[in-house]
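The lines below spell out each chain.
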Amino acid sequence: MVQEIRPNEPQYVCIVPIEKITGNKDEEIMTFGVSANDAINQATQLLADNYKCNQLQVSELIQQAKIDSVGQWCVPKESQD
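Since this is a predicted model, take the numbers as computed values, not measurements.

I'd like a description of the pairing of strand E1 (residues 12–17), backed by residues and values.
Bridging between E1 and strand E2 (residues 28–33) involves 6 bridges; their strand directions are antiparallel. From the neighbouring strand, Val 13 faces E2, where its bridge partner is Phe 32.

Let's hear about the sheet that holds strand E3 (residues 66–69): which residues, and what values?
Across the sheet, which stays open at both edges, the 3 strands sit in the order E2-E1-E3 with antiparallel pairing between neighbours. The open sheet has two edge strands, E2 and E3, and neither has a second partner. Going across the sheet, the axis of each strand differs from the next one's by a mean of 20°, ignoring polarity. Packed on one face of the sheet, helix H2 (residues 36–50) meets E1, E2 and E3 and runs near 135° to E2.

Before we move on, can you summarise the environment of Glu 19 with the specific residues and values?
Relative to the elements of secondary structure, Glu 19 occurs in helix H1 (residues 19–22). Taking the C-alpha atoms as reference points, Glu 19 and Leu 61, 42 residues apart in sequence, are found 9.5 Å from one another. Residues in contact with Glu 19, not counting those within four places in the same chain, are Asn 24, Lys 25 and Glu 27.

Can you lay out unusual backbone geometry for me, pointing to particular residues and giving the numbers?
The phi torsion at Lys 52 lies on the positive side, around 55°, for a residue other than glycine. Among the secondary structure elements, Lys 52 is positioned in the loop between H2 and helix H3 (55–63). Exposure remark for Lys 52: the relative accessible area of 65% places this residue in the exposed category.

Please give an account of the environment of Glu 28 that cites residues and values.
Note on placement: Glu 28 falls in strand E2. Sequence-wise, Glu 28 and Ala 65 are 37 residues apart; in three dimensions their C-alpha atoms are separated by 9.4 Å. Excluding residues that lie within four positions of it along the chain, Glu 28 makes contacts with Ile 15, Val 16, Pro 17 and Ile 18.

Provide a residue-level description of the nonpolar core, including the pertinent values.
Grouped together as the largest cluster of nonpolar side chains are 13 residues, with contacts concentrated most on Cys 14, Val 16, Ile 29, Leu 47 and Ile 62. No other element matches the 4 residues that H2 contributes to this core. For Ile 29, the residues in contact, after removing those within four places along its chain, are Cys 14, Ile 15, Val 16, Ile 18, Ala 43, Leu 46, Leu 47 and Tyr 51.

Which residues make up the pattern of salt bridges, and what values do they have?
Inspection of every chain in the model, using the stated rule, returns 1 salt bridge. Across the salt bridge formed by Asp 68 and Lys 66, the nearest N and O atoms sit 3.6 Å from each other. Given the relative accessible area of 26%, Asp 68 is considered partly exposed.

What counts and how
Residues numbered from 1 in each chain as written. Predicted model: local features only at pLDDT ≥ 70, side-chain atom pairs only at ≥ 80, totals over all residues. Heavy atoms only, no water. Pairing = 2+ DSSP bridges. Helix = DSSP H or I, 4+ residues; strand = E, 2+ residues; numbered from the N terminus. Axes fitted to C-alpha atoms, helices over the stretch in contact; angles between N-to-C directions. Contact = heavy atoms within 4.5 Å. Buried < 20%, exposed > 50% of the residue type's maximum accessible area, 1.4 Å probe, protein only. Core = buried A, V, L, I, M, F, W, Y, C linked by side-chain atoms within 4.5 Å. Salt bridge = Lys/Arg side-chain N within 4 Å of Asp/Glu carboxyl O.

Below is the structure:
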């Protein structure tokens with residue numbers, strides 16, 4: 001799944017470590033949303049659909065997630081004037 005950053009909208013990223021699923025300690029997924037809840041919902045959907053996680057696994061992984069605001073990093077250069 002590819003998501004696009006939308007200029008001039010608040011953006012949040014949800015970073016979920018998925019070591020328990022893949023066995024790779026450095027692996028994580030990142031999802032974006034217009035709110036923190038939207039980013040979490042995107043991550044939840046991705047874990048369920050692509051990784052076939054059950055509800056308990058999803059809940060445990062989301063508890064380990066890091067949610068940050070990234071909108072200020074993604075403003076197109078021409079809009080920063």
